[in-house]
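Spelled out, the chains give:
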Amino acid sequence: MARKSKKKTAQPASSAIDEYMTEDESINEEMNEIVNGEIESERKGTNNSDDGESGKEGEDKSTDTKSKHNSSNNKSTASTIPFMDTFYLLSSEDSSKDRSIAARDLIHHCFFSDGGINSKDSAYALNRLLNGIYSGRAASRQGFASCLTSFLRVGQSQGGDALKSILKEHSELKQTDLDDAHPAIQIRQMLRTATDISTVESSSGKKSGTKKNRFAGKMKGIEERDHVFGRLFGILAVVRSGILKSTPDEVLKGYVEDLIELYHYKKWMREPSVHALIELVSSLDKKKQISSLTNDFITPKLIFLQEQKDRTAWLEQLTAEQIALGVHLQQVEGAKYAYPLDQPLLTKANAIQSVSSALASTSSAVYPRCHVVWNVVWMCLTEESDGQRILKAGKEYTKAINDIIQYVVVEKLLGKQDGAAAPTHERRSLALQIVCTLCASCDLEIVIPTTLIESVLYKEVVNTIFLNVLCASSGSGKRKINADGAATIEPHLKPLTTSLLNELVNRCCECGDVDRQVAFAKAFLSADPRFDVKTKTNSVGSISMMYGVDKKLDEGEMKQRKELWEKYLSFLEEKIVSADSLHGATSYIELMYKLAKCDLTQAPADEARRVVRFFMSAAFYDCSNLSSPSSSKKKKSTKKSHIAELPQELSSALRINELLKSHNLSSISHAARKIMSARFYSLLSDFISVLNAQGRQKNETEFYGKVNRPETIYRALSEICGISSLLESSGAKKFSSKEVDERDDQMEESRKSLLKVQAIANEALVKECDGKGDAESLRAKSVFATSCASLMMSLYLQLSCCGNPDTSDNEADEDDEEDSTEALHEFIADLADVVTSFCALMEGHAKGEDGEDGEEDENPLAAAAGLLVNILSSPVGGDDADRTNAVQASASKLTRETVKLMWSGIIAAMNALHEKQELVKTLLNEDVMTTLIESVCGEDANGADQKDDESIDESDASSDGEEDDSKVFIKANKMEVDLDEVENTNSKGSDDEEAGAAETDDDSVELDPSQLENMLLEDSDAEMSDSGPHGVLEHHAGADKALAQLIKLKQEARKASQTERERVELCNRLRCATLLESLFSPSVFKNGWIPIEAILGSMVPILRYRKALAKSIQSSASSGHSKKALIEKNVILDKLSMLLKDRVSKYRCSSKDSDASEVAMKASTEIYEEMKHSLTSADCSCCSIALITSVRCIPNSEENEDVKEIYASLINDWATRKASKIHLCVFDDLIKRMPSLASIALITPLSEASRTGHSAFIKCESVRLLAAIFHGCSADETLSDKARSLLKESSGNVAKSFSDALADSSLQKAKHRDEVMHAAKHFVNFLKAQKDGVLTDSELSTLRESLAKAGDKCNSKGMKQMCKQVCASISDVVPRRTDDKDKTAKRSNTAKTPKSTKKRKTKK
């Protein structure tokens, strides 16, 4: 095997020894079968792999290579390998199994042949094995050494004379005085001779300093290295063979001297030599023999080289290998050693500190191999217990672990010592291995006490070996800049760290020890609370068992997670209260919020409720003076029992009180309280959302039992409000703002209103439970009352305040909070009035029923709709243009959830009571619908202008950003406003900005050109002309440029502000659209209490606003400053389309009176006008659905001539006008949704359009629509008799249209002609399906001839074949009898003059 350079092989890894041990075990299995006579013809294979000298043998092989090896192995085991071929296979690097089989056959030949032991061949084999162990070819060293081990073991098992007889055949031993010596001594001599690296003596008797190889040439460095390793492997083979166990001390001393000599040979031979010494000592059974060898040879020649009385100084000069050997020797029980091994090397005071440098120097051994000293250290400090290794009992062992982390890992490896250099990747790798070994993420599975985890995962350790590595740039070859500015290449340390961290987390999760899991979570989060986010892992999440919804846990895992989360939350609570920075507090708050959201996925969500209580208590209450109600009753009880008896509602507040006292704090910071208040509202709204979802679908577990959705949410919010009241009664002081005196009266009024509504809700629930009365009415009232009370409680909770900030430097936020508080009080008062009015109406106490002042009473539904719209349109329930108040943004989410709940409760109550109380049907009047429509479409929705849609205002579409400074100044110079007022005008308050919002952006700043010129020139010109040099006029162009830029910036800021206000308004309208969506629900339509005016009257405003939105989107796409609101515009556009297509279109009118017909006809006419000005095909599609909905409300719409005229005019507009806004979807929708009306209203206009259309496309689509009517409508079972009759009567005219289309010169393109022919096929199928003839023979002949001619013109064989089939089908059609022709003609002549036309002529 060729070597590239000396430098690459100068420091080899000692993993070859471990590999050799593994292969030796494999050969032992072979030898046991040989000795026992149980040799199989084919072995099943070995379980151990060959790691190779430098790790190459341990690399994974490809699938193809493995299969090739298996096939060769099968061939090898099928027959015995010839003796001389076994030596070649012993060096095979393909597979360890090949080497094992070769060794088996070699030993079988030498010891178990027919003639017994073959001494001659055995001596030859021994000589070859000794020579092969220093060969560098392939895997010779591993294969020959393993075979030598088995050879010696088998030879010894055959009797004491077996090896001697073999050794006598060795020619070199015959020339020495070792002929009768112990076999181990003879083998040592042979080994030394084969691997001799001594210096050659010259002829003069002096050592020349050169080394000769066996060919008398100069020995190269690589050859010398092979000899050294050959001697090491040979000694290990002898040791593992077991022939040294019963040898005298003189024999052992010889081998020990050889290993010590190898130790002193080179530095890179120290670790393998010590490894071999440790194995030699471990193979001995006699303790006295071990003590003798240690005291006489090992200690003076290897450990205690220089006599030093100072033990500390001696420890500091030890190498890692000396430490490993010394510590291992001290672990031998019963052995007695002289100084300095008479005292422990690791567990003495300051011992680890003394040897820390030596231990840290082992970082040169790269992963996955670890220096031998660390295995010895771990074996010394731990002991076996139940398949794991645990730390030995005693303070000295605990201190040793702490010292290793402090002095070795932190100070030496990670460079945290003063003056230390930055840690290298090798040092970080070793530190990572040490830490992970102590955390049970290795094969040793060391389990240290939970109390030591925090010491091992020290903050600096976690930051350096985990966070700094995983947060660094990833990928090999990616350049990285160091602190000194030098660019380096990041190595592959990150994958190693990721794999070890994953292993650590998996071992921690598998242990099942809650305290251990909490300790690991604390360690990682104490280093950085955003550990998972920064490392992009789920380490802390997995340790804390925060799994997804799909993860199903059994009962035991649920109990474990509950206990874990309780301790984990206690840790987070302490960190939040004691946090010294807002960043730290926020991070821990987010962790607590994340856990609560995870717990919400499954009832009963006790930990989520605990988090809600903690957030509320910490954010809104001063718990420093809190007292427990039970503290005065049991004063003698212990602390543990006292805490167990505390009420659950006060547990979080008392915990805060305890933490504040333990950390000597007066209160939590205002900034942290504000973050917690925002998370409180967010978590509460998430809880409400979960309860809403649970009410819609039956879950396995429920939070409050099997109750309806409004009652569930009512109970949840009542629980929160109850905790608030309990806190105040227990001494917790509510935080308040500065003007507390002025708000006391408002708070008291709001509290009374809340209690009043809660009393109504509770009474309704009690009555429903009693069941006395109409069950449906009682349920309706309870649903309404609980949903309204839920909204009121959500508003009342928002009155809680986080207190005054520590530094009041932002008065704007305080003003906003005051405005929100005022709005909340008003909403609560109005809501109480709405609930009272509705409840009185439900109980039949409304004045309108008695006829007394009924017209003066306010409609409670209108009041409720107005209130909910106001809430959703205000910052309380919607968006804030400034978006600076995080608390308000979180609280608005809770408000929106309860607003939807209240509106659903109102609708449910009206569904239940509309048949019992006639007054309920009158509540949904014009005022209610106007409020709802205007909240979505704007106040000018009904009076929107209907100008020509071609003229789109693009005044704001100019790109200001592309203008240079000179153009901006010219633009500003043309405006008309005094420059002195520019600053004041642009610095006015928001009221002035809103007042001028209607103006265009270009007119926001107007400058008078003459005044601007004078201002720029008059002052400076006057000064320069009077006192300047020579009266020269100087003009400051830079000032002009700066002024123009200032004007430009202020205009852009103004536009951005207007765009943001537009975005907020769109968001609020989108939220109000949910009210309309709930109103237009199938349940409401099914109950039929919603009037037709409400449905049909809302379609036109929605269509107009939708068109305006589409127009705005088109103009925004071309401009730059309005793109921020495009998302909101598109969302509300889709919402309006959904309302029309999926909600309103499901409405069916049940009224047959003339008023309904007039309303429907009026709506149809208005929609028809809107359709003629539609902007896009999507807009036209919405108009089409709306038109069909309104037409359906017309009684006998098939007989209505106005409806027919509408669709006839639509077809005429579509077919004749090139600039028509009518799209094809209008007629497709009618055919699909109302086939009877389509058959009556569309056939005649479409036939005309197929002949007179202005383009080939129009003609072709007209024919296709005709075919769709005859093909689809005729098969509809709901088709009316009149429609079926008309289909037959108009068949002749349609057949003529098909014939004309087939002969039309404008339709001779293949795609047009094919479309017409397919349409004719459907028409013929209709004719064929009629039992009575509908066409005469001449009409059928004409159609057949047209099809035949068209088929002849086709180039496609398929189309020609289809034409032939259609013509054949026409031949099968039954013709109409001639006596029916006159009757049909009379009927057709009568139908030529429509009834509506006659009426119109009469009126004229």
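Being a predicted model, the structure only gives us computed values, none of them experimental.

### Digging into the overall build of the protein
Consideration 1: Of the regular secondary structure elements, the protein holds 63 helices and 7 strands.
Consideration 2: Considering the protein as a whole, with its 1404 residues, one finds that 49% of them fall into the buried category.
Consideration 3: For the protein, the proportion of contacts with a sequence separation of at least 24, taken over those separated by at least 6, is 74%.
Consideration 4: Roughly 66800 Å² of accessible area belongs to the protein as shown, and the carbon and sulfur atoms make up 48% of that amount.

### What about the pattern of salt bridges?
Consideration 1: Scanning the entire structure with this criterion turns up 49 salt bridges.
Consideration 2: Glu460 serves as the salt-bridge partner of Lys416, at 3.6 Å between the closest nitrogen and oxygen. Placement of the pair is Lys416 in the loop between helix H19 (395–413) and helix H20 (425–438) and Glu460 in helix H22 (residues 459–470), with a sequence separation of 44 residues.
Consideration 3: The exposure class of Lys416 is partly exposed, given its relative accessible area of 39%.
Consideration 4: Across the pair Arg1264 and Asp1228 runs a salt bridge whose closest N-O atoms are separated by 3.4 Å. Separated by 36 residues along the polypeptide, Arg1264 in helix H56 (residues 1256–1273) and Asp1228 in helix H53 (residues 1225–1233) bring together distant segments of the chain.
Consideration 5: Residue classification places Arg1264 among the partly exposed residues on the basis of a relative accessible area of 24%.
Consideration 6: A single network of salt bridges, built from pairs that share partners, joins Arg188, Arg192, Arg231, Asp258 and Glu261.

### Notes on the nonpolar core
Consideration 1: Phe524, Ile1090 and Tyr1207 are the most contacted members of the largest nonpolar core, which totals 380 residues.
Consideration 2: Sort the elements by how many residues they give to this core and helix H39 (residues 886–913) lands first, with 13 residues.
Consideration 3: Setting aside residues no more than four positions away along its own chain, Tyr1207 makes contact with Leu1187, Ile1188, Val1226, Phe1227, Leu1230, Leu1237, Ala1241 and Leu1242.

### Digging into the sheet that holds strand S1 (residues 382–385)
Consideration 1: Strand order in this open sheet of 3 strands is S1-S2-S3, and the pairing throughout is mixed. Looking at the sheet topology across the chains shown, the edges are occupied by S1 and strand S3 (446–447).
Consideration 2: As paired elements, strand S2 (residues 388–391) and S3 share 2 bridges and run parallel to each other. For Arg389, the partnering residue across the bridge sits in S3 and is Ile446.

### Brief notes about the side chain of Glu411
Consideration 1: In this structure, Glu411 sits in helix H19.
Consideration 2: Comment: no salt bridge for buried Glu411; closest opposite-charge side chain is Lys412, at 5.7 Å.
Consideration 3: With residues near it in sequence (within four places) discarded, Glu411 still touches Gln406, Lys416, Gln417 and Ala420.

### A look at the pairing of S1
Consideration 1: Where S1 lies against S2, 4 bridges are found, and the strand directions are antiparallel. Within the sheet, the bridge partner assigned to Glu383 lies in S2 and is Ile390.
Consideration 2: The antiparallel pairing of S1 with S2 creates a hairpin that spans 2 residues between the two strands, and Asp386 there sits at a positive phi of about 55°.

### Overview of the confidence of the model for the protein
Consideration 1: Averaged over every residue, the pLDDT of the protein is 79; residues scoring 70 or more account for 75%.
Consideration 2: A low-confidence stretch, residues 33–78 stays under pLDDT 50, and its non-local contacts, those more than four residues away or across chains, total 72 contacts.

### So, the environment of Leu1230
Consideration 1: With respect to the helices and strands, the residue Leu1230 is situated in helix H53.
Consideration 2: In sequence terms Leu1230 and Ala1241 are 11 residues apart; their C-alpha atoms lie 9.9 Å from each other.

### Here's the deal with the packing of aromatic side chains
Consideration 1: As enumerated under the stated definition, the model contains 24 aromatic pairs in all.
Consideration 2: Note that Arg141 overlies the ring of Phe233, its terminal NZ or CZ placed 6.0 Å from the centroid.
Consideration 3: A cation sits over an aromatic face here: Arg673 above Phe735, 4.1 Å from the ring centre.

### Concerning unusual backbone geometry
For residues other than glycine, phi is negative in most cases, and the peptide bonds are mostly trans.
Consideration 1: With omega at 10°, the peptide bond leading from Tyr339 into Pro340 counts as cis.
Consideration 2: Following the sequence through the fold, Pro340 ends up in the loop between helix H16 (320–330) and helix H17 (351–360).
Consideration 3: Positive phi outside glycine occurs at Lys536, with the angle close to 60°.
Consideration 4: Its location among the elements puts Lys536 in the loop between helix H25 (531–535) and helix H26 (539–543).
Consideration 5: Despite not being glycine, Met545 has its phi angle at roughly 60°, a positive value.

### Digging into helix H38 (residues 860–873)
Consideration 1: The terminal C-alpha atoms of H38 lie 20 Å apart, and with 14 residues this matches the ideal 20 Å at 1.5 Å per residue to within 8%.
Consideration 2: Burial of H38 is extensive: 12 of the 14 residues sit out of reach of the surface.
Consideration 3: The complete set of buried residues in H38 reads Pro860, Leu861, Ala862, Ala863, Ala864, Ala865, Gly866, Leu867, Leu868, Val869, Ile871 and Leu872.
Consideration 4: The backbone nitrogen of Leu861 has a side-chain oxygen 3.1 Å away, supplied by the residue at the start of H38, namely Asn859.

### Here's the deal with the packing of helix H58 (residues 1291–1303) against helix H59 (residues 1310–1329)
Consideration 1: Contact geometry for H58 and H59: axes closest at 10 Å, N-to-C directions at 155°. The orientation of H58 relative to H59 falls into the category roughly antiparallel. Regarding H58 and H59, the two cross each other, and that crossing is left-handed. For the pair H58 and H59, the contacting residues are Ser1291, Val1294, Ala1295, Phe1298, Ala1301 and Leu1302 in the first and Val1316, Met1317, Ala1319, Ala1320, Phe1323, Phe1326 and Leu1327 in the second.
Consideration 2: Among the residues making up the contact of H58 with H59, the classes are represented as 12 nonpolar, 1 polar and no charged.

### Thoughts on helix H23 (residues 493–511)
Consideration 1: Here H23 contains 19 residues, and its C-alpha end-to-end distance of 27 Å stays within 8% of the 27 Å for a straight helix at 1.5 Å per residue.
Consideration 2: Inspection of H23 places Leu493, Lys494, Leu496, Thr497, Leu500, Leu501, Leu504, Val505 and Cys508 among the buried residues, and these make up the whole buried set. Seen end-on, H23 carries its buried residues on one side only, within an arc spanning 160°. In H23, the exposed positions that point more than 90 degrees away from the buried face belong to Pro495 and Glu510.
Consideration 3: Positive backbone phi, at 75°, marks Gly512, one or two positions downstream of H23.

### Regarding the environment of Ile278
Consideration 1: The residue Ile278 is located in helix H13 (residues 270–282) in this model.
Consideration 2: Judged by relative accessible area, Ile278 falls into the buried class, the value being 10%.
Consideration 3: With 47 residues separating them along the chain, Ile278 and Leu325 place their C-alpha atoms 6.4 Å apart.
Consideration 4: What Ile278 contacts, discounting residues up to four positions off in sequence, is Ala324, Leu325, His328, Val372 and Val376.

### Digging into the side chain of Arg896
Consideration 1: Mapped onto the elements, Arg896 comes out in helix H39.
Consideration 2: Classification of Arg896 as buried rests on a relative accessible area of 19%.
Consideration 3: At a separation of 3.2 Å, a polar atom in the side chain of Arg896 contacts the main-chain carbonyl oxygen of Gly877.
Consideration 4: In this structure, Arg896 is in contact with Leu872, Gly877, Gly878 and Arg1071, ignoring residues within four places of it in sequence.

What counts, and at which threshold
- Residues numbered from 1 in each chain as written.
- Predicted model: local features only at pLDDT ≥ 70, side-chain atom pairs only at ≥ 80, totals over all residues.
- Heavy atoms only, no water.
- Helix = DSSP H or I, 4+ residues; strand = E, 2+ residues; numbered from the N terminus.
- Buried < 20%, exposed > 50% of the residue type's maximum accessible area, 1.4 Å probe, protein only.
- Contact = heavy atoms within 4.5 Å.
- Areas by Shrake-Rupley, 256 points an atom, 1.4 Å probe, with all protein chains shown as cover.
- Salt bridge = Lys/Arg side-chain N within 4 Å of Asp/Glu carboxyl O.
- Core = buried A, V, L, I, M, F, W, Y, C linked by side-chain atoms within 4.5 Å.
- Pairing = 2+ DSSP bridges.
- Lys, Arg positive; Asp, Glu negative; His and termini not counted.
- pLDDT = per-residue confidence, 0-100.
- Phe/Tyr/Trp six-rings, centres within 6.5 Å; stacked < 30°, edge-to-face > 60°.
- Lys NZ or Arg CZ within 6 Å of the ring centre and 35° of its normal.
- Expected span 1.5 Å × (residues − 1).
- Polar contact = N/O pair within 3.5 Å; in protein donor to acceptor, adjacent residues only side chain to side chain.
- Axes fitted to C-alpha atoms, helices over the stretch in contact; angles between N-to-C directions.
- Parallel < 35°, antiparallel > 145°, perpendicular 65-115°, else oblique.
- Left-handed = near helix turned anticlockwise from the far one by under 90°.
- Nonpolar A, V, L, I, M, F, W, Y, C, P; charged D, E, K, R; others polar.
- Arc of directions from axis to C-beta.

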